[in-house]
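Breakdown of the fold
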Amino acid sequence: MKEKILLIIFLFFYIFINAQNPIQLYDISENTVNRYTKYPDQTTSTQCDFVFKIQSVDTSNSGVQLKMSLSYNPSASISPLYSSESSVVSSVQLSAPQYGNYSQTIYAAFSNDSSIINNITINYFCEEINFDSLTYTYFTFNNSWKTTFYYSAIFFFTSKYPISGFNVSGSDNDIQKMELITGSGIYLFNVPSFGTIKEYSTMKINFLGNKDLTLLVPLANYKDSNNNNTKIVTYPDLNEYINIFGVNNYPLYTLTSDATDVEPSIYCLSTSSFSPTTPIYKNEEGIVYMGTFGYIGTENFSIYLQIHESLSQIYNVTINSTSEIPSSFSLPPFDIISIPSNETNLMKSSMFSLFGNSIDKYTGTSLNYIFGGFQKTMTYPFGFSYGTTLYYTTQISLLQEEVSLESTQSIKIGITDFPVTANRIANSSEIPRVLPTLLNFEIVKLFDGLYVFRITIKDGTYLRITNDNGYAFIGYDSLVSNENGKKYFEFVILYRVSPFQAFDIYNDFGTKVTYKIGDYYSLNPVSMIYSTHKSINSYLASNISFLKNDIDVTNRSVDNILYFNYDGIDQDTPILFMKSDETTNSNGLPQYYFGKWNSSISKFQVKFSILGNTRIGNIPFNLLIGQLPMVNDVLPYSSQIRIKNSNLDIFGPVFKTISKINNNNVIGWAFTISDPTNGFLRGKIIIKGEMDNSIYIFNLNSNNIISGDIYLGSYEINVTLPTTCASQYYLITDIELFDSQLNLNSFSTWNINASFRTPFIKYLNDSSINKIYKQCNGINDGIDDTPPILNSFNVAQYIDGNNTNSIIFNFVAVDKDTGLKDDQFPKVYITSQHLQILEGISTMVTKNSTSATYSCIIELPYGFGYNQDIIFSVYGFINNGGYFSGYSSEMLKNNSFPYSMKNLPLVKRLFIEKTTSMVSDDNELWIIGKQFNSNQTVHIKYFGDNSFSQISIPTKVFNVAMLINDIKSTDKPFIIKIVEDPPNTINSISNEYTVNPIVYDFSDTVPTLSPSQTPSQTPSQTPSQTPSQTPSQTPSQTPTETSIPTLSPIPTNKPQKCLGEPECGGESNGYCSSTGCVCYTPWIGLDCTSKVIIIPQPSKNTSTPTIEIPIEVPSKNNETINNIIFKSLVSIVSLRELDYESKQVKLFPLEKWIYTPISSSKSQYISTIENSIKTTITVNIEWFNITTNISFANSQLTMNPSTVKYTIEISEFRFSNKLNQLQLIMSVSLETNKKSKDICSSTQFGDSSNGDNSNYFKIQIDDHSLYGRFIKRAIVDSHVRSIDNVLLDSSMETIKNPSSSQSYIGITIPIFLNRSIIDPDFSVLVDSKSVSSDENDSICNTKSKSKLTTAQLAGIIIGCVGFVAVIVISVIYHIKKNRQRSKFIQSISVKLGQLN
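Note that the structure is a prediction, hence the values are computed from the model and not measured. (Residues numbered from 1 in each chain as written. Predicted model: local features only at pLDDT ≥ 70, side-chain atom pairs only at ≥ 80, totals over all residues. Heavy atoms only, no water.)

1. A look at the sheet that holds strand β39 (residues 502-506)
Note the following rule: The pairing criterion for strands is at least two bridges between them, as found by DSSP. Starting at the N terminus, helices and strands are each numbered in turn, a helix being any DSSP run of H or I of at least four residues and a strand any DSSP run of E of at least two. Each axis is a line fitted through C-alpha atoms, taken for helices only over the stretch in contact, and angles between the N-to-C directions span 0 to 180 degrees.
Taken together, the 4 strands give an open sheet; going across it, the order is β36-β35-β39-β40, and neighbouring strands pair in antiparallel fashion. Because the sheet does not close on itself, it has two edges, and the strands there are β36 (470-474) and β40 (512-516). With strand direction ignored, the average angle separating the axes of adjacent strands in the sheet is 20°.

2. A few points about the state of the cysteines
For clarity, the cut-off: Cysteine sulfur pairs qualify as disulfides if the two atoms are within 2.5 Å. Partly exposed residues are those whose accessible area sits between 20% and 50% of the maximum for their type, while under 20% is buried and over 50% is exposed, using a 1.4 Å probe and protein chains only.
Taken as a whole and assessed by the stated rule, the structure comprises 6 disulfides. Each sulfur of the disulfide joining C725 and C776 lies 2.0 Å from the other. Between C725 and C776 the disulfide shows an S-S torsion of about -115°. By sign, it is left-handed. With C725 in the loop between β59 (712-720) and β60 (728-739) and C776 in the loop between β62 (771-774) and β63 (789-799), this pair connects stretches of sequence that are 51 residues apart. Taken individually, C725 and C776 each receive the classification buried, so the pair is uniform in this respect. Through a disulfide, C1058 is tied to C1072; the S-S separation comes to 1.9 Å. Looking down the S-S bond of the C1058 and C1072 bridge, the torsion is 90°, so its handedness is right-handed. Linking C1058 in the loop between β79 (993-995) and β80 (1070-1073) with C1072 in strand β80, this pair joins segments that are 14 residues apart in sequence. Exposure remark for C1058: the relative accessible area of 9% places this residue in the buried category. Going through the chain in sequence order and numbering each bonded cysteine, the pairs you get are 1-2, 3-4, 5-7, 6-8, 9-10, 11-12.

3. What to know about the sheet that holds strand β1 (residues 23-27)
Within a sheet, adjacent strands bond to each other through the backbone by hydrogen bonds, running parallel or antiparallel. The strand order β1-β3-β6-β5 describes an open sheet built from 4 strands, whose pairing is antiparallel. Of all strands in the sheet, those with a lone pairing partner are β1 and β5 (76-83), marking the two edges. Averaged over neighbouring strand pairs, the angle between their axes works out to 25° when direction is ignored. Pairing geometry for strand β3 (residues 48-58) and strand β6 (residues 87-96), over 10 bridges, is antiparallel. Counted as the bridge partner of C48 is A96 from β6.

4. Examining the pattern of salt bridges
In plain terms, the rule: Should a side-chain nitrogen of Lys or Arg be within 4 Å of a carboxyl oxygen of Asp or Glu, the pair is scored as a salt bridge.
Within this structure, the stated rule accounts for 27 salt bridges. In this structure, the salt-bridge partner of K644 is E1212, at a minimum N-O distance of 3.9 Å. Of this pair, K644 sits in strand β53 (residues 642-645) while E1212 sits in the loop between β92 (1203-1210) and β93 (1221-1232), and the two are 568 residues apart along the sequence. The exposure class assigned to K644 is partly exposed, which follows from its relative accessible area of 31%. One salt bridge in this structure joins K972 and D971, with 3.3 Å as the shortest N-O distance. Classification of K972 as partly exposed rests on a relative accessible area of 34%. D971 sits in the partly exposed class, given a relative accessible area of 42%. A cluster of three or more residues bridged by salt bridges with shared partners is formed by E442, R454 and E490.

5. Description of the confidence of the model for the chain
Do not read the fine detail of predicted coordinates wherever pLDDT is low. Note the following rule: On a scale of 0 to 100, pLDDT captures the predictor's confidence in every residue. Contacts are assigned to residue pairs with any non-hydrogen atoms lying within 4.5 Å of each other.
Averaged over every residue, the pLDDT of the chain is 84; the share at 70 or more is 89%. Across residues 1005-1042 the pLDDT falls below 50, and counting only partners more than four positions away or on other chains, this stretch makes 78 contacts in the model. Here residues 1343-1396 is a poorly scored stretch, pLDDT under 50, and it has 19 contacts once near neighbours within four places are set aside; other chains count.

6. Focus: the side chain of S275
We apply this condition: N or O atoms closer than or at 3.5 Å make up a polar contact, with two conditions inside protein: a donor-capable atom paired with an acceptor-capable one, and, for residues adjacent in sequence, both atoms drawn from side chains.
When you line up the elements, S275 lands in strand β20 (residues 274-276). A polar side-chain atom of S275 sits 3.0 Å from the main-chain amide nitrogen of T292. With residues near it in sequence (within four places) discarded, S275 still touches Y253, Y267, C268, G291 and T292.

7. A short note on the pairing of strand β29 (residues 384-387)
A regular strand places its side chains on the two faces of the sheet in alternate fashion. Bridge analysis of β29 against strand β30 (residues 392-401) gives 3 bridges, and the strand direction is antiparallel. Looking at the pairing, G387 lines up with Y392 of β30. Where β29 folds back onto β30 in an antiparallel hairpin, the turn is made up of 4 residues.

Laid out in structure tokens, this is it:
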């Protein structure tokens, strides 16, 4: 007892002493699963390494520095991370050399008084890896599928604690491994192989104790194909000497594979190159694969083809080639010969210039400039001051800080560094004593990879932040406030494939402080830099599936949706989906699709588009959840995007014929563009003068066709030269030709990104095909080596009524010898510090034989030039004698022209810059811009409106972004503007901005005919938007234009007697025909006495494809409380397989559905069943508000207003017998709350009489009916076939009474291979007369007239018993749950009482 008392006294004393201690220590390490207990860092090691973060705080705020230390431990170290006036955070690194428990004490004391000290002890445990209980995930690539990924397996441990490092060994080959992201513990494996190959190699992960984890690793390039063709076709004839005249324009080879199982493994190998093949198109012989002989010089190439377990050489050739293209594009074609002294006559900066001479011919390459940590890529004419492309001088003027800390810094052009001397070195009194610091940091996720950054700094001027393109400069354009030396910045950055990593804060001297992920910037409260993306293992996603699969992309694009689950992540986690098919990889237009959470189905989803005529098989894709990419190659068959049918064509347009034009002063080319499958969409061709670099740009599309069509069309491009000219070559330097599915063939004489897919494939042996020599008269072939001279240069700033800040340049150039060249427009450049350069193309105002007057207006971005200097330059004057000229800022100054401006005003402007992408059925829209606040509203003008008809109040507002969430569903462009209320005198209304919704079509339409079948038609597949907003490109061709083949005779309804008194409801309702009564809209029925009711669109069911249609009929006394309700219900119940005698073989209830809204009037539901294979049932429900004519299965149908149509598609089903058939069962019911002793109901089913050869079904209660039309045809395996519709009431348990009636209809479909589509529809009617007890099969309340059958009575009894049972069960359940809830509350109350 005494010991306990002493212990309590000691504890109180210890707490009291610590409470009086001004030094406190805290463990602020992130509490990850392996922070305090972990496995060794390697599977073959016993050592565990730990890192902890410890904060020490001086609670007395004495201002004395804190010093931290460790108890003796040779395996421990401590290093400070961040400190403030009263606190320090340090990193403690500890090593546990063997398994077991460890502890470490960390001390903190004042630096001037070590007697005031405190400590904290960290306990940690190094646990031995239990090999027997080890768990892991191992994905291997299926070599039967397409893979664009070099590695062939993905591996990571899923054990209790992460294992990040291990050694591997292979029994067959050297195993290659790579960690996907450093520290992720996710590894890629590959087994390289040449010569004899095996499908799998053995790999072992080594552990201590001679234990190994053995895995089979597939070879990534293993393809055991049944291809028998080994014939190689080359472009051009390789017996000739080849002169390569375009970048990557190497000789090509093709092989046509006749494989029916797996695509072949083909590649070309030499001592200097390796080239795999890619499929390009399909012909009658098979799939054509293409590769390159990728080397310049004399080289021997061998083409290998895998045949079973070995690689066979099927072709060998030695190629002799030369190239017109420079070997290196990273070296500048000029050398800097001098950097003169700096210009000091500026406000806050100094100007320096670079003078250079050519050392190589200029071919059009772009040049990358890096200076002071900032970079800019520029191309001609920037910097070119005099000469021709063969010999020229360069003069470039840039800005640096007025006062620098260093005597020199370097500017890098390409890969060459040149020293720049500082204007003035700061003296000791000027050097700032305080570095820039960060006060606040916040990231807000918007949408589509866009994030708002909110950063407050002190003693800094501007920021540099990493982004997808490298970095972004953040200056006064993003400055929201500047008070007491604290600058608050707000800006939007795009992050797609690369998350945010770091940013720099600079002061006026160019001194920077860098903040990276995980860095601390405050200790009260503890705050650190975090990323836009969390480290999430994408491979833990589950249930990956697609709305559509086994897709037919023949001559059409298809829109699709990816679905997946991921437990335990935030619903706003960044999700990015990217296809990596050949089209996407070749056209330089990557398509990014962003995902979001769908709360109605509790799944993440991504909407995307598949281009037409892509490759058959699996489409490669990457899924990024957070920042870790998942490749599709490792996913199961059910999680692949499978293309089943395609008219394969992923090779862009080519020149079938081409000829040169060189007549008098006209030069050009006449050519035919061939793309027999997809058709030519658009293109661009650039012609340049080889000597003067004059530029002529031609944009082509179908409007430029001289003869032919988009599949084979004739075009012509011409340049008219002046009479006075210089003799020189004119070259086609750049070509881009896109087909209708965005496949690109390109050519360039300078662009390193040019593809081997060249439109010159038929002319690779003619290196002169892109060149025309123009011979000109005159002395020295007309060459004039005195370039144009700038005669005047005037600059003025202009701010218009919309607060648009612009600079206007007016200038005159003179060339008295040969004059200025037509159609060549100089460029004006505005440069500020940090390589911020704006450019504008001038327009020619007037021109005569010796001079030309130009004008150029450059709009300044918000904040550009504020509180700093800007300088001007102008380049690109060309005379008719082949020489160009330009003027740097230094040259403008030396010629007494305006060359700079100081301290431009900060002109605030309410401005919409862009919006996030928006799908047509979305209602949310993020607006990005400047000067937003909470007093503003968004005004919207929809397509067709004469004015702004909607005013939206933003639900979230930042200075640079705002969110509205009440956009109407629309597939048309609409206009928005922002209005401030109360209005600001200057800045109250923004610019108007047009929003173009992305339109997806998730219906499954019939493919169009191929061009070979309809050569006179032009496919309607031309995209009207850029690929970043890829619209649906599916042609909406009606069956009347493209008739679907009919496989079996379609039954017609037999003639019927015209019913009714008067006949067919009278002349106003219908007329009598040989088939029976044909009704006028809106009348319907066998006697045209039922009328379609116009009712509001019913609400959507987000769980099942069930539609409930309520109709409210006012009571006779017009009291709403007594209104009569008629409620109809249509639903899909099950799918069953029937034998040839219509007996049930298998039954598949359809209970679980995935719901997707398509538009305001259309919804989609998907369910799947397992029957050896997975069968997908896709149901589209569409509501028609107006009379609409539609086509289905070669039949024209009229949809009356207030009609609901079901379109039901069933994918491949594995039948038990070839004589069996499939039956879809639907339930239809109608009920009312009307209380009347005279009320009756009836059910009718039979043939319609209006000529549409369908079955009709009608449930009537009193004077209201539910009417269904079941046409007797379906689309079965892309053919029209007859089907049977059957009333199933006699074999199913139905409920029928006077006020409620239910029936089941079976739609019986014949056996099929791939898919079948059926199309019933339903309407609600009001009848001219009520159901009476005298009618056959009527069910009434009148006892004397009751005609209920035994089956009907049984149905009612069963229904009633079931209903009572449900009520009883519900009451019992309710009582039980209440009791459980009471016990739970009592338990919690007791525990809370104990705590108190």
